[in-house]
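Below, each chain spelled out in residue letters.
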Amino acid sequence: VFIGGIAVCGIGCSAANLSVSGPGEFDSHFRGSDTGKISKGISGSLIGNYSYTFTVRNGSQSCSASGRFALDGTKGNVELKHYKDCSLATIISY
């Protein structure tokens, strides 16, 4: 399952340092990345509840976005969208 942290705030705004924990193992694409994937953990299943954090940068300002999402085994992608003040915009699974 591919996971992406997305900053919703226009030009000069970005997401970084996505971290996800839950029943599956999370691997970021590279150090400081805003994306990664969840692969099967010890239990062999990805289904369950996950928590996440990532940094939203807006120019010289930054904050830490965090929250929870669930995987039910039917979707292959999750987008975690937060505004520049780190409040939740939406979580989309597809």
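Residues numbered from 1 in each chain as written. Predicted model: local features only at pLDDT ≥ 70, side-chain atom pairs only at ≥ 80, totals over all residues. Heavy atoms only, no water.

A. Region of interest: the sheet that holds strand β7 (residues 77–83). Here we have five strands laid out as an open sheet, ordered β3-β4-β1-β7-β8, and mixed in their pairing. On the outer flanks of this sheet lie β3 (25–28) and β8 (88–93), each paired with one strand and no other. Taking each pair of neighbouring strands and ignoring which way they run, the sheet shows an average axis angle of 20°. (Pairing = 2+ DSSP bridges. Helix = DSSP H or I, 4+ residues; strand = E, 2+ residues; numbered from the N terminus. Axes fitted to C-alpha atoms, helices over the stretch in contact; angles between N-to-C directions.)

B. Expanded view of the confidence of the model for the protein chain. Summary statistics for the protein chain give a mean pLDDT of 93 and a share of 98% for residues scoring 70 or more. Mean pLDDT across the secondary structure elements of the protein chain bottoms out at β3, with 93, and peaks at β7, with 97. (pLDDT = per-residue confidence, 0-100.)

C. Representation of the state of the cysteines. Evaluated as defined, the whole model comprises two disulfides. Cys63 shares a disulfide with Cys86; S-S distance 2.0 Å. What sets the handedness of the Cys63 and Cys86 disulfide is the S-S torsion sign, and at about 100° it is right-handed. Here Cys63, found in strand β6 (residues 61–71), pairs with Cys86, found in the loop between β7 and β8; they are 23 residues apart in sequence, far enough to count as distant. Cysteine pairing for the protein chain (bonded cysteines numbered in sequence order): 1-2, 3-4. (Disulfide = S-S within 2.5 Å.)

D. Highlighting the environment of Arg57. Along the chain, Arg57 falls in strand β5 (residues 48–58). Remark: the alpha-carbon pair of Arg57 and Ser14, spanning 43 residues in sequence, is separated by 5.2 Å. Residues in contact with Arg57, not counting those within four places in the same chain, are Gly12, Cys13, Ser14, Ala16, Asn17 and Ser62. (Contact = heavy atoms within 4.5 Å.)

E. Examining the pairing of β3 more closely. Taken together, the four bridges between β3 and strand β4 (residues 35–39) define a ladder with antiparallel strand orientation. Within β4, the residue paired with Asp27 across the bridge is Lys37. The antiparallel hairpin formed by β3 and β4 contains six residues in its connecting segment, where Gly32 sits at a positive phi of about 85°.

F. Expanded view of the pattern of salt bridges. Within this structure, the stated rule accounts for one salt bridge. Here Lys81 and Glu79 are joined by a salt bridge, their closest N and O atoms 3.6 Å apart. The exposure class of Lys81 is partly exposed, given its relative accessible area of 22%. (Salt bridge = Lys/Arg side-chain N within 4 Å of Asp/Glu carboxyl O. Buried < 20%, exposed > 50% of the residue type's maximum accessible area, 1.4 Å probe, protein only.)

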